[in-house]
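Commentary on secondary and tertiary structure
One letter stands for each residue in the lines below.
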Amino acid sequence: MSSSKPAWSERELPAFFRRWRTDWRDEELSPDNYVDFEGGLRVVLAAAWLFCPETVDYRGCVFLKENFRQGIVDDWFTNLEGDRRRIELVVNHVELWAMFSNTPLADSDQLGEELPQLALALGECWQGVLSARYPDREITVEVSDEEDGSYGPTVAFWTSPAVSAAG
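Cut-off values and rules
- Residues numbered from 1 in each chain as written.
- Predicted model: local features only at pLDDT ≥ 70, side-chain atom pairs only at ≥ 80, totals over all residues.
- Heavy atoms only, no water.
- Helix = DSSP H or I, 4+ residues; strand = E, 2+ residues; numbered from the N terminus.
- Contact = heavy atoms within 4.5 Å.
- Salt bridge = Lys/Arg side-chain N within 4 Å of Asp/Glu carboxyl O.
- Buried < 20%, exposed > 50% of the residue type's maximum accessible area, 1.4 Å probe, protein only.

A few words now on the overall build of the protein. If you tally the helices and strands in the protein, you get seven helices and six strands. Helices and strands appear in the protein in the N-to-C order β-α-α-α-β-β-α-α-β-α-α-β-β. A fraction of 57% describes how many contacts in the protein between residues 6 or more apart in sequence connect residues 24 or more apart.

This is the structure we're talking about:
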C-alpha cells in the first residue's frame, strides 16, 4: 500500500467494534456510541494531537513537533546535504507499530490488521490539516506498508514550495 494523496474510502468497521455492537444486540450503534459508552473521551482528546499534529517551521522545512530536535535536524541537513525533502521524510515519519508498542496487536481484536486503515485515516487528516496550515507549500503525505512487514504501516510527509497557477 502506498499513496501520496491518502484517501480512506473503503472504510470497514474494526472487528472489536463489530463484536461490541453484537454483544449489545444493536447493529445501529455507531463508533460515536462506542467512544461514549467505553469512556473514550480521554483517548480521543489525546488522539487529537496525532490527527492534528503540532508542527515546527525550521530552515524552510516543516517538522512534526513531537519528532523535532534542532541539533538532530541540523545534523540531517549536513548528512543529507540540505536535501529538504529527504530531511523532512526522515523526521516526519511515524511507524504505527512503534507508536503502539504497548498494545497487543495480534490478539483476538485483530488490532494489527486494523493499522493500515488507521494509517490511511491519519494520512488523510495530515493532508488536510497541513495543506490548510501551510497554503504556500505543496504538502505530500505518503502512507505505506512495507511488503516484508519490517516497519508496518507508516505515515510520512514532506513539503515543497507551492507551484503558482501562473506557472
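Take the environment of Leu64 next. With respect to the helices, strands and loops of the structure, Leu64 is situated in strand β3 (residues 61-64). Along the sequence, Leu64 and Glu54 sit 10 residues apart, while their C-alpha atoms lie 6.2 Å from each other. Leaving out residues up to four positions away in the same chain, Leu64 has contacts with Pro53, Glu54, Asn92, Val94, Trp126 and Phe157.

It is worth spelling out the pattern of salt bridges at this point. Under the definition given, this model contains five salt bridges. Linking Glu54 and Lys65 is a salt bridge whose minimum nitrogen-to-oxygen distance equals 3.8 Å. With Glu54 in the loop between α3 (41-51) and β2 (55-58) and Lys65 in the loop between β3 and α4 (70-79), the pair connects residues that are 11 residues apart, well separated along the chain. A relative accessible area of 43% means that Lys65 is categorised as partly exposed. Across the salt bridge formed by Arg137 and Asp57, the nearest N and O atoms sit 2.9 Å from each other. Residue Arg137 is located in strand β5 (residues 137-145), and its partner Asp57 is located in strand β2; the two are separated by 80 residues in the primary sequence. With a relative accessible area of 45%, Asp57 lands in the partly exposed category.

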